[in-house]
Amino acid sequence: EVQLVQSGAEVKTPGESLKISCKGSGYNFRTYWIAWVRQMPGKGLEWMGIIYPGDSDTRYSSSFQGQVTISADKSITTAYLQWSSLKASDTAMYYCAILETITGPFDYWGQGTLVTVSS
Amino acid sequence: NFMLTQPHSVSESPGKTVTISCTRSSGSIASNYVQWYQQRPGSAPTTVIYEDDQRPSGVPDRFSGSIDSSSNSASLTISGLKTEDEADYYCQSYDSSFMVFGGGTKLTVL
């Protein structure tokens, strides 16, 4: 059974750093793309970026380039999304999702990680 | 990059048919596959249509997808509406290493 298990909810203050995770199991971690998707409160889905764990090929949406870092550790089948300095506007639900091909559908989704940034 | 534009909301009665559109702002709608996702409140999205008109296993055949090059748009049609279909629906496509989501359509079944 394919599973994507994301790390738990986070409450942070502006300026703090954060790294959230997405652990994959039940499939070949190296050969599926992993994407991160943001959903701000009451808003729609936004694609942030994507990584291919097999060779670490990483691509970012122009809206998120330079704002976040996406990485993956094949040895523990886990992908990460990190911020060096959070802003209140980063408050959102963050989903990871996997795709077999970069042009294809999101095949499976994680349960989401709620990040709240507030002073 | 391009944008995908969806109506903000649609509503219809149980048993009826509803169609949600997704219009591509530039480039051909046919140049890259379109997917549709359903998101119920408090849940992660799930795929209801992929590759323009394909249905994942487990998705009822009441859900269908199509594209129309003349209007440069994709459509999701849900027939025989049920109250459980009430959700947000998002179209999604891809171009040159970038994925794009539509803004989402809230379907109310009343």
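Described in the following lines is the structure provided in the data block. (Residues numbered from 1 in each chain as written. Chains lettered and ligands numbered in written order. Predicted model: local features only at pLDDT ≥ 70, side-chain atom pairs only at ≥ 80, totals over all residues. Heavy atoms only, no water.)

1. Some remarks on the overall build of chain B
Now for step 1: In terms of helices and strands, chain B carries 0 helices and 10 strands.
Now for step 2: Each helix and strand of chain B, placed in order from N terminus to C terminus, yields the pattern β-β-β-β-β-β-β-β-β-β.
Now for step 3: Relative to its length of 110 residues, chain B is compact, with a C-alpha radius of gyration of 13 Å against a globular reference of 13 Å.
Now for step 4: The C-alpha extent of chain B, read off along each of the three principal axes, is 40 × 30 × 25 Å.
Now for step 5: Look at the contacts in chain B between residues 6 or more apart in sequence, and 55% of them connect residues 24 or more apart.
Now for step 6: Put simply, chain B shows about 5000 Å² of open surface, and 46% of that area lies on carbon and sulfur atoms.
Now for step 7: In chain B, the 7 positive side-chain charges and the 11 negative ones have mean positions that sit 6 Å from each other. (Helix = DSSP H or I, 4+ residues; strand = E, 2+ residues; numbered from the N terminus. Rg over C-alpha atoms; globule rule 2.2 N^0.38 Å. Contact = heavy atoms within 4.5 Å. Areas by Shrake-Rupley, 256 points an atom, 1.4 Å probe, with all protein chains shown as cover. Lys, Arg positive; Asp, Glu negative; His and termini not counted. Charge placed at Lys NZ, Arg CZ, Asp CG, Glu CD.)

2. Section: the state of the cysteines
Put plainly, two cysteines are in a disulfide when a covalent bond ties their sulfur atoms together.
Now for step 1: With the rule as written, the count across this model stands at 2 disulfides over all chains.
Now for step 2: Here C22 of chain A engages in a disulfide with C96 of chain A; their sulfurs sit 2.0 Å apart. One disulfide, between C22 of chain A and C96 of chain A, carries an S-S torsion of 75° and so falls in the right-handed class. Taken together, the residues C22 of chain A in strand β3 (residues 18-25) and C96 of chain A in strand β9 (residues 92-99) connect sequence positions 74 residues apart.
Now for step 3: Judged by its relative accessible area of 0%, C96 of chain A is buried.
Now for step 4: One disulfide in the model links C22 of chain B with C91 of chain B; its S-S distance is 2.1 Å. Note on the C22 of chain B and C91 of chain B pair: the S-S dihedral is about 80°, so by sign convention the disulfide is right-handed. Of this pair, C22 of chain B sits in strand β3 (residues 18-24) while C91 of chain B sits in strand β8 (residues 87-95); the two residues are 69 residues apart in sequence, bridging distant segments of the chain. For the pair C22 of chain B and C91 of chain B, one class covers both residues: buried. (Disulfide = S-S within 2.5 Å. Buried < 20%, exposed > 50% of the residue type's maximum accessible area, 1.4 Å probe, protein only.)

3. Here we look at the side chain of R24 of chain B
Residues and elements named next belong to chain B.
Now for step 1: For R24, the position within the fold is in strand β3.
Now for step 2: Among the polar contacts made by the side chain of R24, one reaches the main-chain carbonyl oxygen of S28 at a distance of 3.5 Å.
Now for step 3: Beyond its immediate chain neighbours, meaning those up to four positions away, R24 contacts F2, M3, L4, I29, S31, N32, N72, S93, Y94 and D95. (Polar contact = N/O pair within 3.5 Å; in protein donor to acceptor, adjacent residues only side chain to side chain.)

4. Some remarks on the pairing of strand β9 (residues 98-101) of chain B
Residue and element names in this part refer to chain B.
Now for step 1: Pairing of β8 with β9 involves 4 bridges; the strand directions are antiparallel. Paired with Y94 across the bridge in β9 is M99.
Now for step 2: Connecting β8 to the antiparallel partner β9 that follows it, the hairpin turn spans 2 residues, and S96 within it adopts a positive phi of roughly 50°. (Pairing = 2+ DSSP bridges.)

5. Considering the pairing of strand β7 (residues 69-73) of chain A
Residues and elements named next belong to chain A.
Now for step 1: Bridge count between β7 and strand β8 (residues 78-83): 5 bridges; the pairing is antiparallel. Across the sheet, S71 pairs through a bridge with Y80, a residue of β8.
Now for step 2: Following β7, the chain reverses through 4 residues before pairing antiparallel with β8; T77 in that reversal takes a positive phi of roughly 45°.

6. Re the interface of chain B and chain A
Now for step 1: With 18 residues of chain B at the interface, the matching set in chain A holds 21 residues.
Now for step 2: Between chain B and chain A the total buried area reaches about 1600 Å² when both faces are included, carbon and sulfur atoms providing 65% of it.
Now for step 3: Seen at the junction of chain B and chain A, the total is 0 salt bridges.
Now for step 4: Along the contact surface separating chain B from chain A lie 6 residue pairs in polar contact (both at pLDDT 80 or more).
Now for step 5: When residues of the side of chain B that touches chain A are traced back to their parent elements, those giving at least two are β4 (35-39), β8 and β9 of chain B.
Now for step 6: Of the residues in the side of chain B that touches chain A, the class split is 10 nonpolar, 8 polar and no charged. (Buried area = accessible area lost by both parts, 1.4 Å probe. Salt bridge = Lys/Arg side-chain N within 4 Å of Asp/Glu carboxyl O. Nonpolar A, V, L, I, M, F, W, Y, C, P; charged D, E, K, R; others polar.)

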